[in-house]
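Geometric and topological summary
So you can see what is in the structure, the chains are spelled out below.
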Amino acid sequence: MMLYDNHGRIINYLRIAVTDRCNLRCQYCMPEEGIDYVNRSHLLTYEEIERIVTLFASLGINKIRITGGEPFLRKGLMECIDRINQIEGIDSIHITTNGTLTKDLIPRFEEIGIKSVNLSLDSLDAERFKMITRRDDLDKVMESLTLLVEHDIKTKINMVVMNQKNIEDILPMIELTKYLPISVRFLEEMPFNGSGIHDQMALWSHKDILDFIKKKHTGALQLESEPNSTSVNYKIPGYDGSFGIIASYSRSFCGTCNRLRLTPTGLMKTCLYDAGIFNIKDMMRAGANDDELKTALLSAVGSRAKDGREAEQRRADDLISESMATIGG
Ligand code: SAM
Ligand code: SF4
């Protein structure tokens, strides 16, 4: 079974944000005081998540990403991941984490067969890490990175590039790929910071990032992209790993987007930039059967915005002010 949207794109990827809570306060994601976390009773339960995945797998979803908030703040998550992994039709499970709580879980990731981990890391300098995340946890993240590599788990570092905050980390991040078989991906900052305030002028675009890197690494070679890749990837000859640039704000990759998003409260999004199409948890708690849930999903997928710009336009006056932690980055 294959699921197609109204633009002929195959949809096979579901990103699930299991919580909106976080132990860090990354400046681009949350204000210092945090966001108004939802009441736990409004979060999807693990049973609900597993029912949704089973249903979606029967329609053609075969790839799952677990994200948040910080997913590992939620108790019992590993057991839930283990059960999702056994659902018929699910081929791969991926995780996005800030890496501060994962140290002891990494052997388990390997046992379960987690396909890849995206580790968010915006600076290799303890002071800058603390300034950006408002927490002093760089050592924990580096420990997780070392263990992920030791356990042979495919690892990507996500670094949000911010003017006057971490430009000096771009080249050291690339040097990490000299001896480590990892990919470092540089992301444009998006307006999902929980406050609605965004300084457009400060944006370091994907072009700025590439120009900056190319000044030093004139011989960086562009790699062939995997289908549905959001990053344009490069390798420096002789380096073990690679680096990529994600135009998350410029949105140059929407044409091949294969993903759906489920927020912690059960809102289904067919685009990162939409306001949410329908709430599947509310339907389930009102007693909807599987056929009714499928119909709602097929209708959402069948009227998907062609790209992030159109999705944003459809929000009309509902301007983006949510945190990435409530959407699932
Ligand atoms: N807490 C986990 C983490 O940080 O990896 C998972 C959730 S976090 C919302 C997922 C990703 O979204 C992170 O890589 C983070 O850097 C990215 N992100 C959050 N807010 C962003 C923003 N305003 N612009 C670009 N990326 C953002
Ligand atoms: Fe937390 Fe991830 Fe948002 Fe940082 S980016 S505040 S780690 S949810």
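Thresholds, definitions, all that
Residues numbered from 1 in each chain as written. Chains lettered and ligands numbered in written order. Predicted model: local features only at pLDDT ≥ 70, side-chain atom pairs only at ≥ 80, totals over all residues. Heavy atoms only, no water. Near = heavy atom within 4 Å. Polar contact = N/O pair within 3.5 Å; in protein donor to acceptor, adjacent residues only side chain to side chain. Areas by Shrake-Rupley, 256 points an atom, 1.4 Å probe, with all protein chains shown as cover. Helix = DSSP H or I, 4+ residues; strand = E, 2+ residues; numbered from the N terminus. Nonpolar A, V, L, I, M, F, W, Y, C, P; charged D, E, K, R; others polar. Pairing = 2+ DSSP bridges. Buried < 20%, exposed > 50% of the residue type's maximum accessible area, 1.4 Å probe, protein only. Patch = residues over 30% accessible without salt bridge, like charges linked within 9 Å, V, L, I, M, F, W, Y side chains within 5 Å. Salt bridge = Lys/Arg side-chain N within 4 Å of Asp/Glu carboxyl O. Contact = heavy atoms within 4.5 Å. Axes fitted to C-alpha atoms, helices over the stretch in contact; angles between N-to-C directions. Parallel < 35°, antiparallel > 145°, perpendicular 65-115°, else oblique. Left-handed = near helix turned anticlockwise from the far one by under 90°.

A closer look at the site of ligand 1
Residues in close proximity to ligand 1 total 19 residues, the closest being Tyr-28, Gly-69, Thr-97, Ser-120 and Met-190. Between ligand 1 and Thr-97, the relevant distance is 3.1 Å, taken from an oxygen atom to a main-chain nitrogen or oxygen of the residue. The contact in question runs from an oxygen atom of ligand 1 to an N or O atom on the side chain of Ser-120, over 2.5 Å. Compared with its free state, where it exposes 540 Å², ligand 1 has 96% of that area covered by protein. Secondary-structure elements contributing two or more residues to the shell around ligand 1 are strand 3 (92-97), strand 5 (154-161) and strand 6 (183-188). Residue classes in the shell around ligand 1 are distributed as seven nonpolar, nine polar and three charged.

Focus on the sheet that holds strand 6
With respect to topology, 12 strands assemble into an open sheet ordered 7-8-9-6-5-4-3-2-1-10-11-12, the strand pairing being mixed. The outermost strands of the open sheet, each flanked by one partner alone, are strand 7 (221-222) and strand 12 (278-279). Inspection of the sheet shows strand 2 (residues 63-67) paired to strand 3 by four bridges, in the parallel sense. Each residue of the ladder has a partner; that of Arg-65, found in strand 3, is His-94.

Side note on the site of ligand 2
As a matter of local geometry, ligand 2 sits amid Cys-22, Leu-24, Cys-26, Tyr-28, Cys-29, Gly-69, Asn-98 and Ala-325. Split by residue class, the shell around ligand 2 holds six nonpolar, two polar and no charged.

A look at the pairing of strand 1 (residues 13-17)
Counting buried residues in strand 1 gives five out of five residues, a clear majority hidden from the surface. Neither face of strand 1 is open: one carries Tyr-13, Arg-15 and Ala-17, the other Leu-14 and Ile-16, and all of them are buried. Two strands pair when backbone bridges link them, and strand 1 and strand 2 are joined in this way by five bridges, in the parallel orientation. Bridging across to strand 2, Tyr-13 finds its partner in Lys-63. Sheet analysis places strand 1 next to strand 10 (residues 259-262), joined by four bridges and oriented parallel. By the bridge assignment, Arg-15 is partnered in strand 10 with Arg-261.

As for a nonpolar patch on the surface
Together, Met-2, Tyr-4 and Ile-10 make up a nonpolar patch on the protein surface, roughly 300 Å² of accessible area in all. Tracing the sequence through the fold places Met-2 in the segment before strand 1.

Focus on the environment of Leu-24
Relative to the elements of secondary structure, Leu-24 occurs in the loop between strand 1 and helix 1 (46-59). Classification of Leu-24 as buried rests on a relative accessible area of 3%. With 46 residues separating them in the primary sequence, Leu-24 and Glu-70 have C-alpha atoms 8.3 Å apart. Sequence-distant contacts of Leu-24, defined by excluding residues within four places in its chain, comprise Met-30, Asn-98, Thr-100, Phe-129, Thr-133, Arg-135 and Asp-137.

Comments concerning the packing of helix 1 against helix 2 (residues 77-85)
With their axes 10 Å apart at the nearest point, helix 1 and helix 2 run at an angle of 20 degrees to one another. Looking at the two axes, helix 1 sits roughly parallel to helix 2. In this structure, helix 1 crosses over helix 2, and the sense of that crossing is right-handed. Counted together, Tyr-46, Ile-49, Glu-50 and Val-53 of helix 1 and Leu-77, Cys-80, Arg-83 and Ile-84 of helix 2 form the full contact between these two elements. Here the residues of the contact of helix 1 with helix 2 are counted per class, giving six nonpolar, no polar and two charged.

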